[in-house]
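Coordinates in review
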Amino acid sequence: MIREILDAKDKRLRGKSKTVAVIDKKVQTLIKDLKDTLVVQNDPDGIGLAAPQIGKNIMIFVMKPGKEIKTVINPEVVFISKKKEQAQDDQKKNIMEGCLSLPHFYGNIKRSQKIKIKFLDEKGQAHIQTFNGLDAQIVQHEIDHLNGRLFIDELIKQKKPLFEYKNGEWEEVEL
Amino acid sequence: MKIIFFGTPEYVIPILDSLHKAFKSTSGESPIVAVVTQSPKPSGRKQQLEYSAVDTWAHKNHVPIFFDAKEIVLKNIKADIGVLASFGAIIPDAVLKYFQYGILVIHPSLLPQFRWSSPVPAAIITNTNPTGVSIIKMDNKFDHGPIVTQFKEEIKEDDTYGTLRDRLFAKSADVLVGMLPAYIKGKINLKMQDDSKATFAGEIGKKDAFIPPELLWSVVGGQWSEKNNEWKIPFIKNYSLVPSAYSLDRFIRAMQPWPIAWTNVHLSSKNKVQITKKLKILKAHLKDLPATGYRLPATELVLDFVQLEGKNPVSWKQFLEGYPEANFSS
């Protein structure tokens, strides 16, 4: 099922998510819905989606930095690098951060370039994995969602402007 | 340029008008050599034959009218290209192959989003903003052909299905006229659609405009129930909304001017027996509620005009005065 992605104004995005106790049928359906919803996004393309964004305050997100989709349940941060930088693409260009709950808005956010998390996959297997660069950025962005935080909160904290990409042009907007 | 136009409703007339004006020959001959449209249907209480808007347009402009696409081939009507907008029937393969430059379809969404027949209400309901129009070259699958051009259009806060649809078709008339000469010369690279991102919005009927009463009631008070976090929208394939004042407001606008959102309301008759009737929601708007001592800021849905089955439209306030016992439990 493709689910409505909540707009940043919606209060449900501000709630704290609960830990998943059992990966039952309901949770499996929710994971499938997250995947179905993420893959059809094309303006902009989606690379990550957290359960609160479809109205469920539980600790699950999916990410798709390339072709493969990864499911992350109950993430716990084991290590996070102190130094924060903006992620870069293959051509060494800075990647701006955006969010499917606030489509077409972007900001130059600095994130830790390395994050190690403990989590369960959709089969309930425990993993410890280190993410770097853009992957690390996605993981931090999605964990923020599970804690009721949005990337615009981080922009305000880092005193960076928000930009809107509209009709092929960038425009700075008031936060 | 010789064009055959396939289409039916009023809102595609701007496309016919633009083509007619832009490619008229020096002697004043229309580039539209024929139209194919739905046959007139008996309508209204007197069951008089009602001709489609395209039919009426063609009659006025002395353009031959056909009700079956196959006749184009059978009667060997000479044309270079077909243009199709809201035709409402399938084009046979033989007709598709008949045109040297194929048939261009004007589809009011950013394909591959919302293929099939209800892309405009689907874009409003799902808050797919901007939406837009795709002009594609028809192939043998529905809304699947390669994209010739696309343009984007913002959905406004008060847009309804009707207003957005009319604007999209009016703008696509200009875009089509602008790109046709380059397309005929082969100067436009067609782009295949990414099928993995395709979504589908099928035909809407009156039953699709139903709002479960308990959902409506929960957002009219500016609240929602944690239990109700999934609302399936049957005409959009495989899609569900999260009920909220925002999504209900969009849903009500997406059902205007047809089929019009409705819900069930319980009323009590003179002998205190509860009866259930249909209530159409004609108009509603969003209202921000400021934070108070005990409540966070919220947004509620305010109903403006409603219509009980068999009655005239009234304001929401009048309705509540007339039926103070009305309740919306499921």
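If you're wondering where the values come from, they're calculated on a predicted model, not measured in any experiment. (Residues numbered from 1 in each chain as written. Chains lettered and ligands numbered in written order. Predicted model: local features only at pLDDT ≥ 70, side-chain atom pairs only at ≥ 80, totals over all residues.)

Quick word on the overall build of chain B
When helices and strands are tallied, chain B shows 9 helices and 15 strands. In chain B, of all internal contacts separated by at least 6 residues, the share reaching a separation of at least 24 is 64%. (Helix = DSSP H or I, 4+ residues; strand = E, 2+ residues; numbered from the N terminus. Contact = placed C-beta atoms within 7 Å.)

Brief notes about the domain arrangement of chain B
All names here are of chain B. Assigned domains of chain B: these are domain 1 (3-197) and domain 2 (206-322). Inter-centroid distance (C-alpha atoms) of domain 1 to domain 2 is 34 Å. Listed as interface residues are 11 residues of domain 1 and, on the opposing side, 12 residues of domain 2. Mapped by element, the contributors of at least two residues to the side of domain 1 that touches domain 2 are α5 (119-125) and α6 (161-184). Examining the composition of the side of domain 1 that touches domain 2, we find that 4 residues originate from one element, α5, more than from any other. Class assignment for the residues of the side of domain 1 that touches domain 2 results in 5 nonpolar, 5 polar and 1 charged. (Domains from an automatic or database assignment. Nonpolar A, V, L, I, M, F, W, Y, C, P; charged D, E, K, R; others polar.)

Regarding the environment of T160 of chain B
Residues and elements named next belong to chain B. Summarising the element assignment, T160 is placed in the loop between β9 (147-153) and α6. Note on T160: 19 C-beta atoms within 10 Å, which makes it partly exposed. Spatially, the C-alpha atoms of T160 and V133 are 16 Å apart, while their sequence positions differ by 27 residues. (Buried ≥ 20, exposed ≤ 12 C-beta atoms within 10 Å, placed from the backbone.)

Considerations on the interface of chain A and chain B
If you look at the interface, chain A gives 16 residues, while chain B gives 17 residues. Taken together, the elements giving at least two residues each to the side of chain A that touches chain B come down to β1 (2-3) and α1 (25-39) of chain A. For the side of chain A that touches chain B, a count of residues per class yields 6 nonpolar, 2 polar and 8 charged. As paired elements, β1 of chain A and strand β11 (residues 239-241) of chain B share 2 bridges and run parallel to each other. Paired with I2 of chain A across the two strands is Y239 of chain B, which belongs to β11 of chain B. (Pairing = 2+ DSSP bridges.)

Notes on the UniProt feature "binding site: Fe cation" (unreviewed entry) in chain A
Residues and elements named next belong to chain A. Those places that UniProt annotates as "binding site: Fe cation" (unreviewed entry) correspond, in this numbering, to C99, H141 and H145. A stretch of 47 residues holds the annotated residues, and the largest C-alpha distance among them is 10.2 Å, short enough that they meet in one place. A residue is classified by how many C-beta atoms lie within 10 Å of it, and C99, with 24 of them, is buried. Dropping the residues within four chain positions of it, C99 is found in contact with L150 and F151. Along the chain, the position of H145 falls in helix α2 (residues 133-146). Among residues more than four places away in sequence, those in contact with H145 are A50, P52, Q53 and F61. (UniProt positions renumbered as here; feature names shortened; annotations may be inferred.)

So, helix α2 (residues 53-60) of chain B
Residues and elements named next belong to chain B. Among all positions in α2, only V54, W57 and A58 are buried. Within α2, the buried residues cover an arc of 95 degrees as seen down the axis, which keeps them to one side. Summarising the geometry of α2, the exposed residues directed more than 90 degrees from the buried face are H59 and K60. The elements touched by buried residues of α2 are β1 (3-7), α1 (13-22), β2 (32-36) and β5 (65-66). Count one or two residues on from α2 and you reach H62, which has phi positive near 55 degrees. (Arc of directions from axis to C-beta.)

A look at the pairing of strand β6 (residues 81-85) of chain B
Residues and elements named next belong to chain B. Across the 5 residues that make up β6, a large majority, 4, are buried. Bridge count for β1 against β6 is 5 bridges, and the pairing is parallel. Residue pairing in the sheet places I3 in a bridge with I81 of β6.

Structural notes on the sheet that holds β1 of chain A
Strand order in the open sheet made by the 3 strands is β1(A)-β11(B)-β10(B), with mixed pairing throughout. The strands lining the two open edges of the sheet, one partner per strand, are β1 of chain A together with β10 (231-232) of chain B.

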